[in-house]
Structures are given as structure tokens and as C-alpha cells.
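# Topology and contacts: notes
These are the residues of each chain, in order.
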Amino acid sequence: MTAPQLIYLDNNATSQPLPPVVDAVRDALQSGYANPSSVHQFGQSARHAVECARGQIAALVGADPRDVVFTSGGTESINLAIRGLLAYRGEKCHVVTSTVEHSAVTRLVQQLRREGHTVDEVGVDCNGRLDLDQLAERVTNQTALVSLMWANNETGVLFDINQIARIVETRGATLHVDAVQAAGKIPINVADLPIHLLSISAHKFYGPKGTGALYVRKRTRIRPQIIGGRQERDLRGGTENAPAIIGMGVAAELAADALANDTTLRIAALRDRLESGIVTAVPGAVINGAEAPRICNTTNIGFPSLAAEGMLILLSENGVCASSGSACSSGSLEPSHVLAAMNIPDELAHGSIRFSLSKLTTEAEIDRVIELVPQLVKRLSSAGMRA
Ligand code: PLP
């Protein structure tokens, strides 16, 4: 039996590096491997390539290249932003975040609470939109830091960062934005908004894994969290991963071109086709967050009374990669904290699947999934594999 054709719809987990990215990384590994801090010419040409990448990444988010710090990815950027700011303040602080953040933020703020900081979480409505009145209440002139995501990794729901930034600015707090799922999918211009810190990660926009960046607005003071050499203007010690950084630069430039050429519209049209195909064919299927503005590539579909894990296994057997936000802990399936915060009923949350598309996704792939999903739902229902 031949293996089914792979249909990769798990791009929010990680995306496929594009061929120009792979070429740039390979070239840098093979022939540009000098340490960018070395004074010889070979080192200086690696330095030049790293600085070009800094410019490409800065351009993707509208930043001054001097305000971009390279890190090992989204999680490290987030840690550097949040821990770096609190370390600079050097006192117990008030931090505000939301109930639907990625674990890179939620687990970090749990740790901050244990260390004596005060953390407040702002809730969302049933479509995943942030409660801006609650935000305005919780952020006071005593608040040191507000950390909020731009696009949700599970539902694709976009927070209104424009309004959020204005509210935070009036209280004088520092704003960190987790833009890991937003970068490359929506236009970002930090020059236009009072955002102080912004985290991005290359592997979410067709770049290499294990590399990312933190934008640090001028006059925003943070302490390094990895102390070593004096790389990255003393904000992040350790020899730069130049090949990955160069690959991220290429990915950033391609992402900026794609945004300028409305590639996102094509992806959104495929996502909408997938949603309407499934909702029409599967009675009771619901799009989580449908009423909110969302990034172009993500849909989170709830199948009533279905166990998401069974569905993911059958999809995988048929070559389709998707995911669910549920986590298996001590033998029981915990529904996603994001869907729980949206008050999605448990039986729907347990049966919710995320499909995340890319610019490489084709109409034929989407049509195959539209054909497959109703068959698999029927199979699971008749096998009694329900939540
Ligand atoms: N923030 C969000 C919203 C994410 O989706 C992810 C990864 O899925 C991260 C942060 C962490 O990024 P990384 O995998 O680069 O550490």
C-alpha cells in the first residue's frame, strides 16, 4: 500500500522552510561559517550577513534595525522581554496578561507569581476577543508590564493591538506583544504604535527553527537573561547562530513581499473554503472564534461530542497533519485553556481541531480534506469514539 500524499495543515506548530531560506542557511553553513565577532575579513563578512538579516527582520515589523535583538526563538524572546524588564525594575511588580496566552507566557507568569510578583489576567469573550473594559480596569499607573499576544496560536483570533497599545500608554506601563503567530501574516509597524517589546519566531514564517528576535524600543530598559559574551549590544550573550539568522532574514523578506502582494488573501480564501465545506457537510460543526477578526491561515473547528485525538489519528493515517489544543495530563484529556476561556462547552472543546494553512497549501489539498473529514466523523461516531 502506498502512503497517502502528505497534506500539511499544522503551520502554526511550525512551517516548512522555503527553498530560498534552505539555500541561504546551507550556503552560510558551508561557506560563511566564521564567527561574526572575529576581526578577520572572514568574520567581518559573516557580521555583514548578520546585519543584513537584522535589516530584513526590522523591515518586516517596521523597526529600526538597531532595536532588533536575535534570540533562539519565540520562547526566549518572551522570556527576555518579560524577565528582562522585571529584572531591570529590580522590585516586585504588577503584570497584566490574558487568559489565552501561549504557554511561553502563561507558564512564565505562573513562575513570576511564585517569585512574589502580582499577575492579573484579562478575559476574552466567546469569540476570543479581549475584554478591553477589563483591560482598562486592570492596568493602572502601578502596572509595570502588560504582555498580550497579537494572534492566538489555537484560534487565529487577533487582539486589537492598536486599542490595547493606546490603553496601556495612558497608564504609562510597558507593553510586550507576543507577535509569534502574527509576524508575516498581518502587516506590523512598531513605528506607528506605542509597543515597547515585540517577540517573533522564524519558524512560524517559513524560516529555520530555533531562531527569533525581540524588538526593543529605544529607551526601554531590559536586563540580559543570558550572560556571556557581549553580543547583541550586551542584551544576549552567546555566539550568534549566523546561518539561522541569515535564513530568518530571507524568510522575513519573502514574508514582507507576500504581504505586499496579498498572498494572505489567497490563503484566507482557502481557509474559508475549508470552513464552509466542513460546516456544510458535518452537522453541528462550529468555527471557534468565527465572529472575531482572525489571521488568514487558521481555523479551529469544533465537532460536537467527538474526541479530537481520535480524529487527529485518523487524519494522520490519511496523510493530513492537524492538531488540537487539548493536552493529555495524567491520563485525562484537558480541554484547551484557550477554548475554556472562551466558554466553549466542554463537549465541543474536546472535539476541536486546528487546521493551519500555509502559502504552499493548494486547493486540491483543501478539497481532499473537505471530502475526508465528514467520512472520518461518521467512522468515529459509528465506532462510538466520542468524547
Ligand atoms: N507564542 C506563540 C503565540 C506561539 O504560537 C509560539 C509557538 O507555538 C510561541 C510563542 C513560542 O515560540 P517558539 O516555538 O519559537 O519558542
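This text goes with the structure placed above it.
Structural notes, computed from the coordinates. (Residues numbered from 1 in each chain as written. Predicted model: local features only at pLDDT ≥ 70, side-chain atom pairs only at ≥ 80, totals over all residues. Heavy atoms only, no water.)

## Some details on the sheet that holds strand β10 (residues 298–302)
Hydrogen bonds along the backbone pair up the strands of a sheet, which may run parallel or antiparallel. The 3 strands lie next to each other as β9-β10-β14, forming an open sheet whose pairing is antiparallel. Across the chains shown, the open sheet's two edge strands, defined by having one partner strand only, are β9 (286–287) and β14 (352–356). Here 2 bridges tie β9 to β10, and the two strands are oriented antiparallel to one another. Each bridged residue has a counterpart across the sheet, and for valine 286 the counterpart in β10 is glycine 302. (Pairing = 2+ DSSP bridges. Helix = DSSP H or I, 4+ residues; strand = E, 2+ residues; numbered from the N terminus.)

## Let's talk about the site of the ligand
Taken together, 13 residues form the shell around the ligand, and within it Thr75, Asp178, Gln181, Ser201 and Lys204 come nearest. One nitrogen or oxygen atom from the side chain of aspartate 178 is found 2.7 Å from a nitrogen atom belonging to the ligand. Here an oxygen atom of the ligand sits 2.6 Å away from a polar atom, N or O, in the side chain of serine 201. Computed on the free molecule, the ligand has an accessible area of 390 Å², of which 87% lies beneath the protein chains in the complex. (Near = heavy atom within 4 Å. Polar contact = N/O pair within 3.5 Å; in protein donor to acceptor, adjacent residues only side chain to side chain. Areas by Shrake-Rupley, 256 points an atom, 1.4 Å probe, with all protein chains shown as cover.)

## Some points on the packing of helix α9 (residues 263–281) against helix α13 (residues 363–382)
Each pair of packed helices can be described by the angle between their axes along with the distance between the axes. The contact between α9 and α13 brings their axes to 9 Å, and the two run at 20°. In terms of orientation, α9 lies roughly parallel with respect to α13. As α9 runs across α13, the sense of the crossing is right-handed. Here α9 contributes Leu270, Arg273, Leu274, Gly277, Ile278 and Ala281 to the contact with α13, which in turn contributes Glu363, Ile366, Asp367, Val369, Ile370, Val373 and Pro374. Class assignment of the residues belonging to the contact of α9 with α13 gives a composition of 9 nonpolar, 1 polar and 3 charged. (Axes fitted to C-alpha atoms, helices over the stretch in contact; angles between N-to-C directions. Parallel < 35°, antiparallel > 145°, perpendicular 65-115°, else oblique. Left-handed = near helix turned anticlockwise from the far one by under 90°. Contact = heavy atoms within 4.5 Å. Nonpolar A, V, L, I, M, F, W, Y, C, P; charged D, E, K, R; others polar.)

## Description of the packing of aromatic side chains
Overall, the coordinates contain 1 aromatic pair when judged by the stated rule. The interplanar angle of 85° and the centroid separation of 5.0 Å between the aromatic rings of tyrosine 33 and phenylalanine 42 together place this pair among those described as edge-to-face. (Phe/Tyr/Trp six-rings, centres within 6.5 Å; stacked < 30°, edge-to-face > 60°.)

## A closer look at helix α3 (residues 74–89)
An ideal rise of 1.5 Å per residue puts 22 Å on 16 residues; α3 measures up with 23 Å between its terminal C-alpha atoms. Positioned one or two residues after α3, glycine 90 has a phi angle of 65°, which is positive. (Expected span 1.5 Å × (residues − 1).)

## So, the nonpolar core
Trp150, Leu198, Leu315 and Phe355 are the most contacted members of the largest nonpolar core, which has 98 residues in total. Once residues lying within four places of it in the same chain are set aside, the contact partners of phenylalanine 355 are Leu9, Leu274, Ile278, Asn297, Thr298, Thr299, Ile301, Leu315, Ala322, Val369 and Val373. One finds Leu86, Ala104, Val119 and Ala144 within the second-largest nonpolar core, a separate group that totals 22 residues. (Core = buried A, V, L, I, M, F, W, Y, C linked by side-chain atoms within 4.5 Å. Buried < 20%, exposed > 50% of the residue type's maximum accessible area, 1.4 Å probe, protein only.)

## Considering the state of the cysteines
Counted according to the given criterion, the structure contains 0 disulfides. No disulfide involves cysteine 296; its sulfur sits 19 Å from that of cysteine 321, the nearest cysteine. (Disulfide = S-S within 2.5 Å.)

## Points about the side chain of serine 324
Examined against the element boundaries, serine 324 turns out to sit in the loop between β11 (320–321) and β12 (327–329). Beyond its immediate sequence surroundings of up to four residues, serine 324 is in contact with Ala308, Glu309, Leu312 and Ser352.

## Some details on the pattern of salt bridges
Under the defined criterion, the tally for this structure stands at 20 salt bridges. In this structure, the salt-bridge partner of glutamate 51 is arginine 47, at a minimum N-O distance of 2.9 Å. Highlighted residues: glutamate 51 and arginine 47, both in helix α2 (residues 41–61), separated by 4 residues, approximately one helical turn. Residue glutamate 51 is classed as partly exposed on the basis of its relative accessible area of 32%. Of the charged contacts, one joins arginine 273 and glutamate 363 as a salt bridge, the two residues approaching to 3.5 Å between their closest N and O atoms. One end of the pair, arginine 273, is in helix α9; the other, glutamate 363, is in helix α13, with 90 residues separating them in the sequence. (Salt bridge = Lys/Arg side-chain N within 4 Å of Asp/Glu carboxyl O.)

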